[in-house]
Amino acid sequence: MDFVSQHPVLVAAVVKIAVLLFIVMTALAYLTWLERKVIAHIQSRWGPYNVGAHGLLQPLADGIKFLFKEDVTPPAADRLIYTLAPFLALALGLSAIALIPFGPPSALFPNGQQIFSVVDLNIGLLFLFAITSMGVYGIALAGWSSNSKYALLGGLRSSAQMISYEVSLTISVVGVIVLAGTLNFNELIAAQKGYWLHFIPRWNLLPQFVGFLCYLTAAIAETNRVPFDLPEAETELVAGFHTEYSAFKFAMFFMAEYANMITVSCLATILFLGGWLSPFPETWTWQNYLPGAGLLMLAAYCAWNTVSEMRGIARLQLGVVTLLAGGGGLICLYPPIAAGIQGPFWFTAKILAILFFYIWMRATLPRFRYDQLMSFGWKLLLPVSLANLVITAFVIIWPLLRKG
Amino acid sequence: MSIPIILFLVCALVAVAGAVVLILAREPIHSALALVVVMMALAVLYLLLGAPFIAAVQIIVYAGAIMVLFVFVIMLLNAGVEERTDFSKLAKFAGVPLGFFLLLEIAHWLAHSPIGAAIANGAGSSAGESSTTELSEMLFRQYLFPFEATSILILIAILGALVLARKEE
Amino acid sequence: MSAVPISFYLVLSAILFGLGVVAFVFKRNIITIFMSIELMLNAVNLAFVAFARARGELDGLVFVFFVIVVAAAEAAVGLAIVIMLAQNRQSLNVERVNLLKL
């Protein structure tokens, strides 16, 4: 106990990391479920349906399957790096999320620590870029160490792609930094407070719309998703850099990709969509009840579905989901809690919207050709984001120049 | 021992171990990874020295861009195990002693010269974090000319790399 | 909490620089030789940051910034040269690169 009372910062950080890790791992698992479901519905299929009601236990089943599969290492592989690569990818993907503030910094623990962010760094944005820029290693090393032609080509492609798009990703964000004049996430969000005409939120989305588009495009390329998933183009490269990987190492690459998606969506939310700020003016107090109302509606839908469609064990499972959603909704209606979870609620809602956009893109767009990818990145995206930066800087400097 | 000293010793050990692995490894890619480890350890040391901006730049530019370029080239050229046929005798018998002599000299200077003594007593190490704002003020006012010069240098480097990489027609 | 004396950093910097020199002399692969130069630059950067801290001024950090920028430019050109060399000689061994013309 002595140690706990002497190091409040350390203890609070460890607890927050543990909770965040649990939430993020669950979110990763259910993101795969969401992706399969959404794509299936876009393509007029049902998607996972058999394991649990609406396939809700599918991620768990997949996880167990990956754990118990045989873990094959190619005999000619470089064992150390072959094992290191997936760990590197996953660890970097997860640690980036630690920097994200999920709610306002005014929410504090009794010992003065922020509840909703693990660390609140002065140069948080730079550190996030530092961590994501290391993400290339996981993929490049996996490609190299497998000692397979397909994996090597996939690794080469991905490192070239990620280096190229990282440039435009960073530059598209600088416009926002210039507007806010800080690198701290909470200050970046606070700079977006306020409303135009009393109801249009003053988010960076409108003044930095070009930057937002550039960021979103570059972010899709950074996370190696469709239409930029050249590193794993299965028609050309079997499965790209993780061709030789099996069992849980493969699952780790999968999780790393989803973790990167979450990080990138968090960053888009913070920089362009006002982070944990609500889209409605603070005077509209009814918005405090939105999370509770939403959960109750979900519970009502589940209840109807349980009664009308589900049979057997699925009915029981969906009943549990109904009870959980209903109970959660009732708790969220309690005024102090309803006010407290406003920040995380809006943050999560915005992240989910961007993730849905990601999945939508995957179901809609075909893949780029490699030379198209490169010329798009260097000849279109980079100049546009640079022009955006220059114009933003000029607009900021102009009043100062006029004053002399 | 306080936490900063433990942190320093751990990072220093990791950095030195990484440098030794860089020398001993026979696969170029292992050397590259060892160098990345050294750079990460140094980034932590920069944080310890109260220079978070430099730490971030160290990781973004050095570990995230330059070393990725190295790994990329190693992969591209498919560089195999290093040949170690003919060691230079000069290197073996003159290089290592001279290197140690250099180290000794630096240690001697640290211990005996007035500046060295002042530094060794840990002078001035109590200042807090250097702010990124101050650093940028300095970069864009006092050091504006060198800053612009480096941008031209980078432009020339891009041109040079392009000329070298271009296929002959 | 007592801070770490600056001399510790300088000694570490010297050791890393020495190891960089050793690597530069001993390695035969042209890419690893290049990497040992980067190691030496890193060691010097550490000394710069330590001095900046000791003097309580930021000039040292600005210098580190410039060193990193120059290292990036150097790596871009140097690796392009290495690729050319490897294509022309089919080897990365520096012992084979003993002619000025190709």
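None of these values were measured; they are calculated from a predicted model. (Residues numbered from 1 in each chain as written. Chains lettered and ligands numbered in written order. Predicted model: local features only at pLDDT ≥ 70, side-chain atom pairs only at ≥ 80, totals over all residues. Heavy atoms only, no water.)

Caption draft 1: The arrangement of the overall build of chain C in detail. The secondary structure content of chain C amounts to 3 helices and 0 strands. When the elements of chain C are put in sequence order from the N terminus, they spell out α-α-α. A compact globule built from 102 residues should have a C-alpha radius of gyration of about 13 Å, whereas chain C, at 17 Å, is more than 25% larger. Counting only C-alpha atoms and orienting by the principal axes, one finds that chain C spans roughly 55 × 25 × 20 Å. A burial count over chain C gives 58% of its 102 residues as buried. Pairs at least 24 apart in sequence give 54% of the contacts found in chain C among residues at least 6 apart. Accessible surface computed for chain C: about 4100 Å², of which carbon and sulfur atoms make up 70%. (Helix = DSSP H or I, 4+ residues; strand = E, 2+ residues; numbered from the N terminus. Rg over C-alpha atoms; globule rule 2.2 N^0.38 Å. Buried < 20%, exposed > 50% of the residue type's maximum accessible area, 1.4 Å probe, protein only. Contact = heavy atoms within 4.5 Å. Areas by Shrake-Rupley, 256 points an atom, 1.4 Å probe, with all protein chains shown as cover.)

Caption draft 2: Spotlight on the overall build of chain B. Regarding its fold elements, chain B presents 7 helices and 0 strands. Counting across all 169 residues of chain B, residues that qualify as buried make up 41%. Contacts spanning at least 24 positions in sequence make up 59% of the contacts within chain B whose residues lie at least 6 apart. Accessible surface computed for chain B: about 9200 Å², of which carbon and sulfur atoms make up 73%.

Caption draft 3: Structural context of the environment of G20 of chain C. Residue and element names in this part refer to chain C. Its place among the elements puts G20 in helix α1 (residues 6-26). Given a relative accessible area of 0%, G20 falls into the buried group. Here the alpha-carbon distance between G20 and I6, two residues 14 residues apart in the chain, equals 21 Å. Setting aside residues no more than four positions away along its own chain, G20 makes contact with S36, L39 and M40.

Caption draft 4: Local environment of the pattern of salt bridges. Residue and element names in this part refer to chain A. Applying the stated criterion across every chain, the model contains 7 salt bridges over all chains. In this structure, the salt-bridge partner of E35 is R225, at a minimum N-O distance of 2.7 Å. Taken together, the residues E35 in helix α2 (residues 8-42) and R225 in the loop between α9 (209-222) and α10 (234-237) connect sequence positions 190 residues apart. Neither E35 nor R225 differs from the other in exposure class; each is buried. A salt bridge links R369 to D371; the nearest nitrogen and oxygen atoms lie 2.9 Å apart. The network of salt bridges with common partners includes E35, R225, E257 and R362. (Salt bridge = Lys/Arg side-chain N within 4 Å of Asp/Glu carboxyl O.)

Caption draft 5: Quick look at the interface of chain B and chain A. Facing 23 residues of chain B, the contacting portion of chain A comprises 23 residues. Across the interface of chain B and chain A, roughly 2100 Å² is buried in total on both sides, 82% from carbon and sulfur atoms. Inspection of the region where chain B meets chain A yields 0 salt bridges. At the surface where chain B touches chain A, the tally comes to 3 residue pairs in polar contact (both at pLDDT 80 or more). Contributing elements (two or more residues each) for the side of chain B that touches chain A: α2 (28-48) and α3 (52-77) of chain B. No other element matches α3 of chain B, which puts 13 residues into the side of chain B that touches chain A. Looking at side-chain class alone, the side of chain B that touches chain A contains 18 nonpolar, 3 polar and 2 charged residues. (Buried area = accessible area lost by both parts, 1.4 Å probe. Polar contact = N/O pair within 3.5 Å; in protein donor to acceptor, adjacent residues only side chain to side chain. Nonpolar A, V, L, I, M, F, W, Y, C, P; charged D, E, K, R; others polar.)

Caption draft 6: Expanded view of the packing of aromatic side chains. Evaluated as defined, the whole model comprises 27 aromatic pairs over all chains. Centroid distance F53 of chain B to F65 of chain C: 6.4 Å. Interplanar angle 25°. Geometry classified as stacked. Of this pair, F53 of chain B sits in helix α3 while F65 of chain C sits in helix α3 (residues 59-89), placing the two residues on different chains. The residues F53 of chain B and F65 of chain C share a single accessibility class, namely buried. (Phe/Tyr/Trp six-rings, centres within 6.5 Å; stacked < 30°, edge-to-face > 60°.)

Caption draft 7: Representation of the nonpolar core in the model. Within the largest apolar cluster, 169 residues are counted, with the highest numbers of intra-cluster contacts made by L125 and Y215 of chain A, M67 and F70 of chain B together with I31 and M35 of chain C. With 18 residues, α3 of chain B is the largest single contributor of residues to this core. Residues within four places of L125 of chain A in sequence aside, it is in contact with V173, I177, L183, F185, L188, L267 and L271 of chain A. (Core = buried A, V, L, I, M, F, W, Y, C linked by side-chain atoms within 4.5 Å.)

Caption draft 8: Inspection of the interface of chain C and chain B at higher detail. In this complex, chain C contributes 69 residues to the contact, which on the side of chain B involves 79 residues. Of the roughly 6700 Å² buried at the junction of chain C and chain B (both faces included), carbon and sulfur atoms supply 80%. The largest per-residue losses of area from chain C upon contact with chain B belong to F26, M35 and R53 of chain C, which jointly make up 11% of the total buried on that side. For the pair chain C and chain B, the number of links is 8 residue pairs in polar contact (both at pLDDT 80 or more). Within the residue set of the side of chain C that touches chain B, elements represented by two or more residues are α1, α2 (30-55) and α3 of chain C. Per element, the largest residue contribution to the side of chain C that touches chain B is 23 residues, and it comes from α3 of chain C. Of the residues in the side of chain C that touches chain B, the class split is 53 nonpolar, 9 polar and 7 charged.

Caption draft 9: Region of the structure containing the packing of α2 of chain B against α2 of chain C. One way to put it is that α2 of chain B packs onto α2 of chain C with a least axis distance of 11 Å and a crossing angle of 5°. With respect to each other, α2 of chain B and α2 of chain C are oriented roughly parallel. Facing P28, S31, A32, L35, V38, M39, L42, L45, Y46 and L48 of chain B of α2 of chain B, the residues of α2 of chain C in contact are T32, M35, E38, L39, N42, N45, L46, V49 and R53 of chain C. Classifying every residue of the contact of α2 of chain B with α2 of chain C gives 13 nonpolar, 4 polar and 2 charged. (Axes fitted to C-alpha atoms, helices over the stretch in contact; angles between N-to-C directions. Parallel < 35°, antiparallel > 145°, perpendicular 65-115°, else oblique.)

Caption draft 10: Region of interest: unusual backbone geometry. Residues and elements named next belong to chain A. Non-glycine residue N147 carries a positive phi angle of around 60°. Looking at the secondary structure, you find N147 in the loop between α6 (135-145) and α7 (149-180). Positive phi outside glycine occurs at A247, with the angle close to 50°. Looking at the element boundaries, A247 is found in helix α11 (residues 247-272). Judged by relative accessible area, which is 4%, A247 ranks as buried.

Caption draft 11: Just the arrangement of the chains, in detail. By contact count, the dominant pairing among the 2 pairs of chains in contact is that of chains B and C. Separated throughout, chain A and chain C approach each other most closely at a C-alpha pair spaced 13 Å apart.

Caption draft 12: Expanded view of helix α12 (residues 290-308) of chain A. Residues and elements named next belong to chain A. Between its terminal C-alpha atoms α12 stretches 27 Å, which fits the 27 Å expected from 19 residues at 1.5 Å a residue. Every buried residue of α12 is accounted for by P291, G292, A299, C302, N305 and T306. One face of α12 carries all of its buried residues, which in axial projection span an arc of 150°. α12 presents M297, W304 and V307 as exposed residues on the side facing more than 90 degrees away from its buried surface. Of the surrounding secondary structure, the elements contacted by the buried residues of α12 are α13 (313-333) and α15 (342-364). (Expected span 1.5 Å × (residues − 1). Arc of directions from axis to C-beta.)

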